[in-house]
Amino acid sequence: MQLTISSQFDGGNIELINAENPNNIQVKIENDSNSDFLQWFYFRLQGAIDTPCVIHIMNAGDAAYPDGWENYQARASYDRIDWFTVPTSFDGSKLTISLTPEYSSLYIAYFAPFSYEQHLDLIQFAQQSNICTAESLGLTTQGRPIDFLKTGQGEGKKKLWVIARQHPGETMAEWFMQGFIERILDSTDAVSIKLLEKANLYLVPNMNIDGSILGNLRVNAKGINYNREWANPSIENSPEVYYVKEKMKEIGMDFNLDVHGDEGLAYVFISGIEGIPSYDAKLKNLTNLFMNNWKSINPDMQDKFGYPKNEPGEANLMICTKNLAEEFKCFAQTLEMPFKQNDNIPDEIFGWSPDRSIKLGASLVSNLLSIVDEL
C-alpha cells in the first residue's frame, strides 16, 4: 500500500517534501494566504496501517509562535470526531510527530478542526429555536455569508455580544461557541432562561470563514489580521469586522467577549481592558467579578498566568476588545484557551480538547447571569 500525505480539504494545510520512508516523512506548513504567518497544519496520512511513522514538520522553527511547540502534542483522529494527542517533540527547528496508525487513514492537526460544514450545522441548529434568528450581515472577501445569531426576545434588556475565531486556526473558539449556543438555547436550563429574561445575546460564531476554509492560522484570504482592524475596518479588506461593527452600532452593546486560542500559554485566561482611556472603578470591579465568578463556576479558568496588563492609556485601540470597550463605554474581555494542555487540570490523552472548550462555553452562561445586573 502506498503511503500518501494530502491536505486538499476544508481547513487542510501541509506541503509534502518526502514520504518514501515512513520513518522519515518530511513535510512543511504552508504560509497563511498572502501572509508570512504559519503554524496551523491539518493533513491526512494514508497507507501506513500498523507501520511506525515519524513525521518531521521541517519548517516548524519558522512558525509565528515557535514557543507554541514547547510541551505541545499534536492531535490525531481516525473519524474526525474524537481527537487524541500523539507523541510530539521540537528541537528548535523541526517538529517531530511519532505514531503507529491502527487504520489505513489517519488525520493529524494542530488542534481539533471545526469545519465549515460544522459551522453551517451550528447555524441551522440555532435558527430552529423559537428564540433565535439567523441572518447574513454581508459577504466575506470570497463571497461567503457572514453568519449572525440573535438570541432572546423583547426590548429594554442588556445587550450581550460574543464573537469568536477572528484568527481562523484558533478552532477551540468555535467549539466554545457550540457549547455556549447549545446551552443558551436549552429551554430546560434554568440559568439560560433567567439570563434571557434579562438580556438579548448577539453571536458571531466564526468571524473568519475564508481563513478557516483556507487552512490559515491568523488571517483572511487577503492576509489581513482581523484583530488589528477594529479602529478602521473596510468592506474591501475586512468585511466581517466592518459589518459586525456596523451591527453593533445599530443594536448597541453592554458586554462583549472575543474568543481566541493562545499558542504559547498552557492555561485558560482572559485579557482585559485596563489600558483604555475610559477604564474606571466600575470596569475594574466588573473585571474582578467576572474573573472570580468564572473561576468558581469552572476551575479551568485561572488568573495567575496570562498577558501583561496594559498601563493606563496604553491600550492598542485597533484590537477588538479594547476598541469596543472604549467606543461603546462597555465591559469587554478577550478569552484565551490553550492549544496545549490546561496545565492546571491536564488530560494526558486529549490535552485541551473540543469537549473542554464546549464545557467552558456552556459555563459562560452562568457567569453572564452572575454579572448581568451590574453591567
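Now for a look at the structure at hand. (Residues numbered from 1 in each chain as written. Predicted model: local features only at pLDDT ≥ 70, side-chain atom pairs only at ≥ 80, totals over all residues. Heavy atoms only, no water.)

1. Digging into the nonpolar core
Nonpolar side chains tend toward joint burial in soluble globular proteins.
Phase 1: By size, the foremost hydrophobic cluster in this structure holds 89 residues, and its most contacted members are Phe41, Trp69, Ile108, Phe176, Leu257, Trp294 and Leu335.
Phase 2: Every residue in contact with Leu257, bar those within four places of it in the chain, is listed here: Trp161, Val162, Ile163, Phe176, Phe290, Trp294, Gln333, Thr334, Leu335 and Leu364.
Phase 3: Counting 20 residues, the second largest nonpolar core, distinct from the first, contains Leu137, Phe148, Ile224 and Met248. (Core = buried A, V, L, I, M, F, W, Y, C linked by side-chain atoms within 4.5 Å. Buried < 20%, exposed > 50% of the residue type's maximum accessible area, 1.4 Å probe, protein only. Contact = heavy atoms within 4.5 Å.)

2. Quick look at the sheet that holds strand E10 (residues 105-109)
Phase 1: A sheet is described by the order of its strands in space; here 5 strands give the open sequence E1-E4-E10-E6-E7, paired in antiparallel fashion. The sheet terminates laterally at strand E1 (4-6) and strand E7 (84-86), the two strands that pair on one side only. In this sheet, adjacent strand axes meet at a mean angle of 35° when their direction is disregarded.
Phase 2: When E1 meets strand E4 (residues 42-46), the two strands line up antiparallel, connected through 3 bridges. Bridging from a neighbouring strand, Ser6 pairs with Arg44 of E4. (Pairing = 2+ DSSP bridges. Helix = DSSP H or I, 4+ residues; strand = E, 2+ residues; numbered from the N terminus. Axes fitted to C-alpha atoms, helices over the stretch in contact; angles between N-to-C directions.)

3. Focus: the packing of aromatic side chains
Phase 1: Counting across every chain of the model gives 28 aromatic pairs.
Phase 2: Judged by centre distance (5.8 Å) and plane angle (35°), the ring pair of Phe41 and Tyr110 falls under tilted. Of this pair, Phe41 sits in the loop between strand E3 (25-28) and E4 while Tyr110 is found in the loop between E10 and helix H1 (116-127), placing the two residues 69 residues apart along the sequence. By the burial criterion, Phe41 is buried, and Tyr110 matches it.
Phase 3: Relative to Phe290, the ring of Phe255 has its centre 5.7 Å away and its plane inclined at 55°; by these criteria the two rings are tilted. You can see Phe255 sitting in strand E15 (residues 255-262) and its partner Phe290 sitting in helix H6 (residues 281-297), a full 35 residues away along the chain. (Phe/Tyr/Trp six-rings, centres within 6.5 Å; stacked < 30°, edge-to-face > 60°.)

4. So, the layout of surface pockets
Phase 1: In this structure, the largest pocket occupies an estimated 700 Å³ of space.
Phase 2: Around the largest pocket sit 36 residues that line it, and Phe269, Ile270, Ser271, Gly272 and Tyr307 are the ones nearest its centre.
Phase 3: Contributing elements (two or more residues each) for the lining of the largest pocket: E15, strand E16 (269-271), H6, helix H7 (320-328) and strand E17 (331-338).
Phase 4: Looking at the lining of the largest pocket element by element, the count peaks at 4 residues for H6.
Phase 5: Of the residues that constitute the lining of the largest pocket, the class distribution is 8 nonpolar, 16 polar and 12 charged.
Phase 6: Roughly 190 Å³ of volume is contained in the second largest pocket. (1 Å grid on protein atoms, 1.4 Å probe; cavity = no way out; pocket = protein on both sides within 12 Å on 5 of 7 lines; lining within 4 Å. Points joined across faces, edges and corners; volume = space filled by probe spheres on them. Nonpolar A, V, L, I, M, F, W, Y, C, P; charged D, E, K, R; others polar.)

5. Observations regarding the pattern of salt bridges
Phase 1: Applying the stated criterion to the full structure yields 14 salt bridges.
Phase 2: Residue Lys249 is joined to Glu246 by a salt bridge in which the shortest nitrogen-to-oxygen separation is 3.3 Å. Placement of the pair is Lys249 and Glu246 together in helix H5 (residues 239-251), with a separation of 3 residues, close to one helical turn. (Salt bridge = Lys/Arg side-chain N within 4 Å of Asp/Glu carboxyl O.)

6. Observations concerning the pairing of strand E14 (residues 199-204)
Phase 1: Taken across its 6 residues, E14 has 6 buried, putting it largely inside the fold.
Phase 2: Across 3 bridges, strand E12 (residues 145-151) lies against E14 in antiparallel orientation. By the bridge assignment, Leu149 is partnered in E14 with Leu203.
Phase 3: Two strands pair when backbone bridges link them, and strand E13 (residues 158-164) and E14 are joined in this way by 6 bridges, in the parallel orientation. Pairing of Ile163 across the sheet is with Val204, part of E14.

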